[in-house]
Structure formats: structure tokens, C-alpha cells
Amino acid sequence: MKTRIPLFYALLLPVLLASAVLAMAIGSTSLGWGTVLRVVAGKLLPAGWVDTAHVTHAESVIVWLIRIPRVLVAACVGAGLAASGVIMQALFRNPLAEPSRVGAGAGAVLGGVIAFVAGWSVTSVISLPLAAMTGALIALALVYAMATRGGVTPVTTLLLAGVAAGSLLTAVSSLLLSVNIVNWQMAQDIVFWMMGGLDARTWTHFWLCAPFVLLGLVAAMVQSRDLDLLQQGEETAASFGVDVESAKRMLTLTTAVLTGAAVAVAGLVGFVGLVVPHAVRLVLGPSNKTLLPASAVAGAAFLILCDLAARTLHQPTEIRLGIVTALCGGPVFIALLIRRYREVTTG
Amino acid sequence: MSILEAREASVSRGQRLILKRASLSLTHGELVALVGPNGSGKSTLLRALAGLWSTTPREAVMLDGRPIADIDRREIARRIAFVSQDATIHFAFTVEEIVRMGRYPHRGRFAREGGADREAVRLAIARCDIEHLASRAANTLSGGERQRVLIARSLAVEPEFVLLDEPTASLDVEHSLEVLDLCRSLAASGHVVVLATHDLNAVARYASKVVLIHQGEIVATGSRDEVLSQQSLEQVFRVRADAVAGGDGQPVYVFHRL
């Protein structure tokens, strides 16, 4: 597996780059990739290095203020959700665990809704990601407490607890929305955000999300060996010297930061944390030190492409991003569930 | 020379007292067998000795005279290995990756794998005779192979004490003999090996010391002949045993219900 790592990145990084350029070129106004590169280079390199005389102001605005932020936010959200999925699967010792399946996503949404309703999101932009992270953390702690007994997390209990917590938290979110519907402007903001998607993302969204995703990724990498052992069971981890309780707390916090940061800028986008780690694991194996960064990169590329599909497949309107990811992820989830069921009944 | 001992150690889970004032001292080069019926407290005693479960009083389990409850988790892990009865391996890690996890307590969070780490992993793999499996996915192995992989992971730690909970419970005859031979060779090379097991014939053949547990209490400690007497077998296991001479002159037990 180890020998495949260079090849994996040699194939994936060009895909990531190409999908980014593609996503900047394609849209309601199609631009040539030469124009796209010229705008980007013109902004990033010192003045005079690139000839931008032939680029119109409108083209420059479309690329730099509309499409690039959207692509970058998609990359961050994809990386964050994929890494978050890797951690959850290891923590729950279960390849079906994923932010939107185990209630963390719904928790993050509720946190965000509270930030809207309380008016924090107006007074300070940072309150939205912080509230979403707190919501994800509380939801995760709740689901873990419900689904784990004596260090064992049965798959059915986990999924049921996730569904239960998810429904409950979503109900509270909807309740808060309903009682605030009179405030039409705010309700519209909330609905728009809750539906999930990357339309009208700006540089602000990128800066709100990127530092937290980076922080979460670094924190996850630092804990990758604890994660390997925890994946083999809590007692096993403890017998090899892992401080299980503190490791679990830190990892839960890490995955809450990653999920919260992603949900804060994109709403709830499901299945990314399921599909991407699963595919990468098939190629590179389950060792978390390898799996975490590889899934983050693959998640970034995956979400850029999903978002591209979402806004181009049914022009002039957009399909919601969450629909595209669910269409990709749902079948994978079902296939995993069936295989898991077979293992249990025949093994 | 290190000493791991329990002094009147009690363990309770919930309201139930599942280990009652157990005393036991383990040192250099022994192969100790913990025997007793299901639910007698063998696994509990092992976990208490490994520092995984807390005891009352808190200082009841001591490693070289220090309460194990006061010793850092990683230090305990460097010295005492515990191989659980649950041999499930989650996710398709290769055998080599699984064994390398055994170096966890020796490596700092940011330390790279060093020569000593690689050497310990190589030796552990060789000792358990699993070189040919090194690049296989560990969750596709047979029960016997998996058990050897998990023992190799514990040996990669380079521990002084190796505690195994029912290592032969799910193995066929050949593989369980393999694991028992491995235990004997570990004890011969100076490790303290403690084995919780149901297999009284294996105990008779391999153990240098036998500890008999019944309803949470240690009822006898000593040599095979002292502990596995006709009387204790009847009282504790509720069976009558006929000792038949095996081919090598060692007794083989044949059991009958009372």
C-alpha cells in the first residue's frame, strides 16, 4: 500500500487542479481557461508580470470575486468533511460513520440556526462557525454516549442513535425557524443556509472556513497513531498506552471543528465524509496517517466536481449540492450496509 | 528483576464484587495459568494486573512496589502487554501495520520510526512465525493466524509481562499448541507469561504455576499437582477427572460430570 502513495498523489493533484480551473471556466458565462489563468496570475503575481490587457473588468470580477471563492470554499468543505469522516469511522470503528449520519451535521445546523436567531451572525461573522462547531460537538457527545457501552459501539445502535439525534436536532432547528418566520429576512437567510450549497460564496466564507479546516487537519494528523489504535478497540488502545478518554475527547473536538467549519459555510452536505474516505481506503489502506491527508485532498477535488455538476447540469437553475453528493453517496452507503450485514450473518 | 503483584485486590463492576481480595505475585520466567469456570474472575484478575481496571484498595496492584494506578499509562504499556480474548481486527490493516502499532508506547507523538522500532517489529514477527503474512490484510486471516498477529503486536512492545486472556479459546488443536509453545518459549526467555484458560490439559502440560479461581476468589496457588487435585476439580469445576498417562508420561485428564 505504501508504494502507492506517490502514484496516488501524482494522479490526484492534477485532477484537483484541473477540476478547479474547469470550475472557474464553466458557468453561466463561459470563459476560456486562458482567461481564468490570466486573471489568477494577474492577481497573485507582481504587477506587470502578466499581460491582463485583454481581460475585461467583468471577466476579472467573475473569476476573482465569484468563481474562485466558490471553488476554494468547495475545496475546504470537501477536505473538512472527508477528514471528519475518517476520524468518525475510526472513533466508532465503523466505516458507515459520517458527519451527516451520526447527528453531528444536524447539531452544527442547529448551532448555526441559533446564531442566526440570536442575531449573533449579524454582529460577528465568526459566530456562525463557532456556533456550528459547538452544535456538532454537543451532538457527537450525545450520540457517542447513547451508542457506546463499555467501549463497544454496535453499528445498529450507532446508526439509530445518529438518526434519533439527527431528527431531534433538526426538529429543534425547524421549530426555531417556524417561531421566527415573522422576521422574514432572517427566516430567508436561515432557509437559504440550511438547504446547503455553495451559491454566492465570497472570500469572507473562505476565510471563515479555511483556518478551522487547516487547524482540524493538523490536529487530526498529530493524533493519527492514537486513532489507529482506537480503531482496534478502546481496551486495546488503553493496553498500548493510549489515554483513551482524553484521546476521545480531543478527537471528538477535532471532528466537531471540521464538521462545524464546513457546515457553517455550506450548510449540510451529506455523504462526502462517507464516500471519499471509503474510496481512498480501498486504494491506500486504513492507516490514518496516510488516509487523513489523502482523503482531505480527494474530498476537495470531489466537492469541487460535485458543485460543478450542481450548477451546470440543469442550467439555468442550480441543483442543490446536497442532492448531487447524496446521489453519489447514497448507493455507496447502501452497498456498505449490505456488505456489513452479510459479514455479520455469514461470518 | 521486576515484580508484579496483587495484594488483596478487589474489583467491582456496578454493584457486584467480581474479584475478592485476590493476592498473587509474579516474577521472572514464569508461565502462570489462571484457571476457573466461566465467570469466575480470571479475566478480571488479568485486567486488574494490567492496570486496565481499577481495584479497591487503589494500591492493591503494585509494579516493583509502586501502585500501578500511579504509573503513567504509557510506562505500564511498555512493561505489561495485555492480549484480549476479542481477536477482532477492525479495518484492513496489513499484518505489519498491526504489529507496528505495538511500538506506540515507545514513540513520542512527533518521533519518527527508528531503528530500534523496526528491529523490535521484525523480531516480534519472526518470533510468532508470521513473516509470510506480513503484507496480508489482517482482517482476512484465520483465527489462529490472527491470534499470533495480536501476540506479535504485544511482543513488539518488548514487555516484561505478557498477559493473555483465553488465547486458545477459538483455535483448533494445532494452532492452540502453537500458541502455547510460543508462551512457553517466552517464559523460557525471561518473560512472565500469564494465561487465563479453560484448557486444563494445556495447563497441566505447560504451566509452571497454576492459580485456581472460583467465584471471584483465588482458592489455590501452586504447582499443577497441588492445585488440580481431585478434590478441587470436583469442588470448583464440578467434574471428576481421571488422569491417564499420556505418551510422554505426563498425565492427560479425562473429565466426567459428577
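Above this text you will find the structure in question.
None of the values given here were measured: they were computed from a predicted structure. (Residues numbered from 1 in each chain as written. Chains lettered and ligands numbered in written order. Predicted model: local features only at pLDDT ≥ 70, side-chain atom pairs only at ≥ 80, totals over all residues. Heavy atoms only, no water.)

Here we look at the sheet that holds strand E3 (residues 31–35) of chain B
Residues and elements named next belong to chain B. Overall, mixed pairing links the six strands, which are arranged E6-E7-E8-E3-E9-E10 in an open sheet. Single-partner strands in this sheet number two, and they are strand E6 (80–83) and strand E10 (217–222). Taken pair by pair, the neighbouring strands of this sheet meet at an average axis angle of 15°, ignoring direction. In this fold helix H5 (residues 143–156) packs onto E6 and strand E7 (161–165), with an angle of close to 165° to the strand it touches most, E6. (Pairing = 2+ DSSP bridges. Helix = DSSP H or I, 4+ residues; strand = E, 2+ residues; numbered from the N terminus. Axes fitted to C-alpha atoms, helices over the stretch in contact; angles between N-to-C directions. Contact = heavy atoms within 4.5 Å.)

Brief notes about the interface of chain B and chain A
Counting residues at the interface gives 30 residues for chain B and 23 residues for chain A. Together chain B and chain A conceal approximately 2,300 Å² of surface at their shared face, both sides included; 58% is due to carbon and sulfur atoms. On the surface where chain B and chain A come into contact, there are two salt bridges. With a closest N to O distance of 3.0 Å, aspartate 226 of chain A and arginine 109 of chain B form a salt bridge. Counting the contacts that link chain B with chain A gives eight residue pairs in polar contact (both at pLDDT 80 or more). Listing elements by their share of the side of chain B that touches chain A, those giving two or more residues are helix H2 (73–79), E6, helix H3 (95–100) and H5 of chain B. (Buried area = accessible area lost by both parts, 1.4 Å probe. Salt bridge = Lys/Arg side-chain N within 4 Å of Asp/Glu carboxyl O. Polar contact = N/O pair within 3.5 Å; in protein donor to acceptor, adjacent residues only side chain to side chain.)

Observations concerning the nonpolar core
Val77 of chain A together with Leu4, Leu26, Ile80, Val99 and Ile130 of chain B are the most contacted members of the largest nonpolar core, which has 149 residues in total. Val109, Leu128, Ala136 and Leu158 of chain A belong to the second-largest nonpolar core, a separate cluster that totals 29 residues. (Core = buried A, V, L, I, M, F, W, Y, C linked by side-chain atoms within 4.5 Å. Buried < 20%, exposed > 50% of the residue type's maximum accessible area, 1.4 Å probe, protein only.)

A closer look at empty space enclosed by the protein
Rolled over the atoms, a probe sized like a water molecule indicates the empty space that remains. Inspection of the entire model under this criterion finds two cavities of 30 Å³ or more. Computed from the structure, the largest cavity encloses a volume of approximately 110 Å³. Lining the largest cavity are 14 residues, and of these Thr236 of chain A together with Ser84, Asp86, Leu150 and Arg153 of chain B sit closest to its centre. Those elements that provide at least two residues to the lining of the largest cavity are helix H11 (234–239) of chain A together with E6 and H5 of chain B. Among the residues making up the lining of the largest cavity, the classes are represented as five nonpolar, six polar and three charged. (1 Å grid on protein atoms, 1.4 Å probe; cavity = no way out; pocket = protein on both sides within 12 Å on 5 of 7 lines; lining within 4 Å. Points joined across faces, edges and corners; volume = space filled by probe spheres on them. Nonpolar A, V, L, I, M, F, W, Y, C, P; charged D, E, K, R; others polar.)

Side note on the packing of helix H2 (residues 33–44) of chain A against helix H3 (residues 57–91) of chain A
All names here are of chain A. Between H2 and H3, whose axes approach to 9 Å, the crossing angle comes to 80°. Judged by the inter-axis angle, H2 sits roughly perpendicular to H3. For the pair H2 and H3, the contacting residues are Thr35, Val36, Val39, Val40, Lys43 and Leu44 in the first and Glu59, Ser60, Val63, Trp64 and Ile68 in the second. Looking at the contact of H2 with H3 residue by residue, the classes come out as seven nonpolar, two polar and two charged. (Parallel < 35°, antiparallel > 145°, perpendicular 65-115°, else oblique.)

Looking at the state of the cysteines
Summed over all chains, the structure comprises zero disulfides over all chains. Looking at the unpaired cysteine 306 of chain A, the closest cysteine sulfur is the one in cysteine 328 of chain A, lying at 4.4 Å. As a non-bridged cysteine, cysteine 128 of chain B has cysteine 183 of chain B as the owner of its nearest cysteine sulfur, 9.4 Å distant. (Disulfide = S-S within 2.5 Å.)

Brief notes about the pairing of strand E1 (residues 3–13) of chain B
All names here are of chain B. As judged from the eight bridges shared by E1 and strand E2 (residues 16–27), these two strands associate in the antiparallel manner. For arginine 13, the partnering residue across the bridge sits in E2 and is arginine 16. The hairpin formed by E1 and E2 contains two residues between the paired strands, and glycine 14 there has a positive phi angle of roughly 60°. As judged from the three bridges shared by E1 and strand E4 (residues 61–63), these two strands associate in the antiparallel manner. Directly across from glutamate 5, in E4, lies its bridge partner methionine 62.

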